[in-house]
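Listed here are the chains, written in short residue letters.
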Amino acid sequence: MTIRNPIHQAYRQAPWRRATQVGVLFLILALLTASILWVMLTVTVQAASAGLEIQSLENEKEKLVREIASLRTNIAIQTSAEAMLERARNLGFRQANPDEITYVVIPGYTGKQPQIIAPPPSPPSQRVLIKPSYTQSLSEWLFQGIIRMSEQTGGFTQ
Amino acid sequence: MRQASFFRFWFVGGLLSAVGLFIFFWMIRINLSPQAEVFRKIGSTYETYRKTIYPERGNIYDRWGHLLAGNVETYEIGVDLRFVSDPQTIAATLAQVVGLDYNTVYDSVSEPWDSDLPRYVKLADFIDPEKIDQLDSIEKQLNRQREEASSRRRNTVMPNLDGLIWTPMLKRSYPEHTLGSNVIGFYAYRERETARGYFGVEEKYNQLLAGTPVEVEVALDPYKMNEIPSVPPGASLMLTLDRDIQAMSERILDKHIESSGAKSGVVVVMDPETGEILAMAVTPRLDPNEYWKYSEVFPGITAYNRAIGTTYEPGSVFKVLTMAAALDAGVVQPSTPFLDTGVIMVGGVPIRNWDRGAWGPQDMIGCMQHSLNVCLAWVATQLGPSKFYNYLNNFGIGHLTGVDLGGEASQPFLVPGDNGWYEVNLGTNSFGQGIAATPIQMITAISAVANHGKMMAPHVLKAVIENGEQYSNPPQIIGKPISAETAETLTNMLATSLEEESSAALVDGYRVAGKTGTAEIPGPGGYLDSATNASFVGWGPVDDPRFIVYVWLEQPQTSPWGSVVAAPLFKEIVENLVILMDLPPDSVRQGMAGQ
């Protein structure tokens, strides 16, 4: 029995060890692929759920707009001039005669004021209520900070 | 043994790889095939759809924030033919709940769906939410029954409403019904996409109320879902109308129309200082919730709002303008004497008084108090045609007032040099015959007398509410036809003349100025014998006018005279108006001012 290439023989992996290495490598690849697929699936599912939620919220918003409009109008129907007059009559009220009315001076009372349904437009200077630092991105903040610094120190030019 | 397992390992690996490669190959093949483009196109039609979002139409409020025009939820009912499996139940349910014809519905929903045919069929429109609630509960009940049947493994087809769809939307609603409808107009919501406002505020401010529709692409694919851009609602309007004054004016006008037998009537209440219209009561009135009855309510050429859309010869109320012009030009003073002989020749034509009598020596107050045509024709001749018509022009007679309501009319008057103008016209025009104006023109012109000579733009828009902010509509001066002194002199003359004749227009506790008017009505062959237009214009309190009221009764039957039918209407309106406006009697107010 002759021994050929004894050095090569000395460093050769045992076959079971090689099979294990291949198996582990395959498992690692399979796990990596599964992980990537799992992340992709999770993100996709989340995106799909978010999309459906947006759709559902849009529908909900439209429904609420319609409900608010309907309720506002229904309140107006319940409190219409004719309905209020009828209710007042049913409660036993009647219109006052001029000689039954007593006028009293109330200091500071300026009379019935017109209804304000919404606030008047504010002057332009008051419109920006949020500081820029709350709305600008980090890069914008850095860039503008550098420009501000350069202006204070006389700029980059020599 | 080791070699066998090695072979099996590679065989299974090779087989799985081959299957994978095969799938991969077929995927590429399908993607590159000529049919792929067709599939892609079909697929893309299901990805998104275009949708036009119509903003909610803006609301209309009165000056105190009472809603005059709003929106309510309503539904469209239709079927998706692809899913209909029980047309009988759909037809029977809609016939029972909505009142649709069974056969019509059945014929519409029983046709088998073909891909060339539209899959959606509309069955009914503008259905109330209560009926939809009924349909919803019926559908739920049928679905429950079907679930129970399927759990018992019955193979019978259970009744169902599959394919029936109801889609919500908004429709215009007017909570006050006919109240102020001639001012508000109506929105023809049944025309859907082409709907717009007609008459009044709805027409004038249609663009503002409607807002801007936005076309958006809505993704059906949840991965491509984006937020739908927010579409702001149309602007809301706050009117100068006072709901309670409007209701009161309509109630009293209707009562007086009935008691006088008049054909129609108009009452306009305005704040002379700002030109704000507080009430505009007009007959006939339409419930804008049922705007399709328009032709029934307004037969023929009847104007939707007579206060702005019908010109008429106003008669003696016009004398206010003639006297204002003469006083302002310095032609006469309140004490200027005039001997009334009962007739005056103007352009060779005799002009007589309303009673054909001679009233003897008068001053200008007497002329106004007794409404003497002869005297006013003389005043006009003293003024001369050039100055007289110039003043009328400055008062805005013959021009649109520009009131912010749809459907305003105007009739230009003839001036010297025009075909059809004769010298006698100067005489007849001086007392409001042979010249036509709308009630809004008359009240706007005469409001200058009540407002220190300044004529304000008549308007109904007080403020616009847009994007959460309220923008007010400031009053505008449109002319200064007479001086403040003239206005005060004439106001006092007219207050005195009412007091001296113990007019039916006088209001206890309040000093008011005013003038009656009785006008003949021109017909095809001259003036009608037995029909008149009765008018009254008045304002008060004289020392600080807060209101001006114009009244017109068309062809009253109980009496032809404005002093008999129109003056009491004015009185009753003002008696209620001062209460609604919190205006104390003059003595109380002056006492308060002194404190």
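Residues numbered from 1 in each chain as written. Chains lettered and ligands numbered in written order. Predicted model: local features only at pLDDT ≥ 70, side-chain atom pairs only at ≥ 80, totals over all residues. Heavy atoms only, no water.

## Some details on the environment of Ile-138 of chain B
All names here are of chain B.
Then, number 1: Within the secondary structure layout, Ile-138 lies in helix α5 (residues 129–151).
Then, number 2: Note: C-alpha distance between Ile-138 and Leu-161 (23 residues apart in sequence) is 8.7 Å.
Then, number 3: When sequence neighbours within four positions are dropped, the list of residues in contact with Ile-138 reads Thr-93, Val-97 and Leu-161. (Helix = DSSP H or I, 4+ residues; strand = E, 2+ residues; numbered from the N terminus. Contact = heavy atoms within 4.5 Å.)

## Considering the domain arrangement of chain B
All names here are of chain B.
Then, number 1: Considered domain by domain, chain B is made up of domain 1 (62–215 + 231–238) and domain 2 (243–292 + 307–594).
Then, number 2: In this complex, domain 1 contributes 33 residues to the contact, which on the side of domain 2 involves 29 residues.
Then, number 3: Carbon and sulfur atoms supply 60% of the area buried between domain 1 and domain 2, which totals about 2,800 Å² over both sides.
Then, number 4: Contact with domain 2 buries surface across domain 1, with Arg-63, Asn-182 and Met-238 losing the most and accounting together for 22% of the total. (Domains from an automatic or database assignment. Buried area = accessible area lost by both parts, 1.4 Å probe.)

## What to know about the pattern of salt bridges
All names here are of chain B.
Then, number 1: Counting across every chain of the model gives 28 salt bridges over all chains.
Then, number 2: In this structure, Lys-140 and Asp-136 form a salt bridge, with 3.0 Å as the shortest nitrogen-oxygen distance. Highlighted residues: Lys-140 and Asp-136, both in helix α5, separated by 4 residues, approximately one helical turn.
Then, number 3: Taking relative accessible area as the criterion, Lys-140 reaches 47% and is therefore assigned partly exposed.
Then, number 4: Notably, a salt bridge pairs Glu-276 with Lys-462, separated by 2.9 Å at the nearest N-O pair. Of this pair, Glu-276 sits in strand β11 (residues 276–282) while Lys-462 sits in strand β17 (residues 461–466), and the two are 186 residues apart along the sequence. (Salt bridge = Lys/Arg side-chain N within 4 Å of Asp/Glu carboxyl O. Buried < 20%, exposed > 50% of the residue type's maximum accessible area, 1.4 Å probe, protein only.)

## Some words on the UniProt feature "transmembrane region" (unreviewed entry) in chain B
Then, number 1: UniProt marks residues 7–28 of chain B with the feature "transmembrane region" (unreviewed entry), using the numbering shown here.
Then, number 2: Between the C-alpha atoms that bound residues 7–28 of chain B the distance is 31 Å, and the span itself is 100% helix and 0% strand. (UniProt positions renumbered as here; feature names shortened; annotations may be inferred.)

## Quick notes on the nonpolar core
Residues and elements named next belong to chain B.
Then, number 1: In terms of nonpolar packing, the biggest core is built from 99 residues, with Met-280, Met-323 and Ile-397 touching the most fellow members.
Then, number 2: In terms of residue count, the dominant contributor to this core is helix α17 (residues 439–450) (8 residues).
Then, number 3: Inspection of this core shows a minimum of three residues originating in each of domain 1 (62–215 + 231–238) and domain 2 (243–292 + 307–594).
Then, number 4: Dropping the residues within four chain positions of it, Met-323 is found in contact with Val-332, Met-364, Met-368, Leu-376, Val-379, Leu-490 and Met-493.
Then, number 5: Counting 33 residues, the second-largest nonpolar core is a separate cluster that includes Met-248, Val-267, Phe-547 and Leu-553. (Core = buried A, V, L, I, M, F, W, Y, C linked by side-chain atoms within 4.5 Å.)

## A closer look at the confidence of the model for chain A
Then, number 1: Residue-level pLDDT values for chain A average 82, and 84% of them are 70 or greater.
Then, number 2: Per-element confidence in chain A is highest for helix α3 (residues 81–90) of chain A, whose mean pLDDT is 95, and lowest for helix α4 (residues 124–127) of chain A, whose mean pLDDT is 56. (pLDDT = per-residue confidence, 0-100.)

## Here we look at the UniProt feature "coiled-coil region" (unreviewed entry) in chain A
Then, number 1: When the UniProt feature table is mapped onto this chain, "coiled-coil region" (unreviewed entry) is found at residues 47–74 of chain A.
Then, number 2: With 100% helix and 0% strand, residues 47–74 of chain A has end C-alpha atoms that lie 40 Å from one another.

## Regarding the packing of helix α3 (residues 87–97) of chain B against α5 of chain B
Residues and elements named next belong to chain B.
Then, number 1: Here α3 crosses α5 at 145 degrees, and the two axes come no closer than 10 Å. Between α3 and α5 lies a crossing whose hand is right-handed. Taken together, the residues of α5 that come into contact with α3 (itself represented by Thr-89, Thr-93, Leu-94 and Val-97) are Lys-131, Gln-134, Leu-135, Ile-138 and Leu-142.
Then, number 2: Its residues placed into classes, the contact of α3 with α5 shows 5 nonpolar, 3 polar and 1 charged. (Axes fitted to C-alpha atoms, helices over the stretch in contact; angles between N-to-C directions. Left-handed = near helix turned anticlockwise from the far one by under 90°. Nonpolar A, V, L, I, M, F, W, Y, C, P; charged D, E, K, R; others polar.)

## Comments concerning the interface of chain A and chain B
Then, number 1: With 44 residues of chain A at the contact, the number on the chain B side is 49 residues.
Then, number 2: Overall, the association of chain A and chain B removes approximately 3,700 Å² of surface from exposure, summing both partners, and the carbon and sulfur fraction of that is 62%.
Then, number 3: When residues of chain A are sorted by the area they lose upon contact with chain B, Arg-66, Tyr-103 and Ile-117 of chain A head the list and together hold 17% of the total.
Then, number 4: On inspection of chain A and its partner chain B, the count reaches 1 salt bridge.
Then, number 5: With a closest N to O distance of 2.9 Å, Arg-66 of chain A and Glu-73 of chain B form a salt bridge.
Then, number 6: Applying the counting rule to chain A against chain B returns 10 residue pairs in polar contact (both at pLDDT 80 or more).
Then, number 7: For the side of chain A that touches chain B, the element with the highest residue contribution is helix α2 (residues 15–78) of chain A, accounting for 19 residues.
Then, number 8: Looking at side-chain class alone, the side of chain A that touches chain B contains 25 nonpolar, 11 polar and 8 charged residues. (Polar contact = N/O pair within 3.5 Å; in protein donor to acceptor, adjacent residues only side chain to side chain.)

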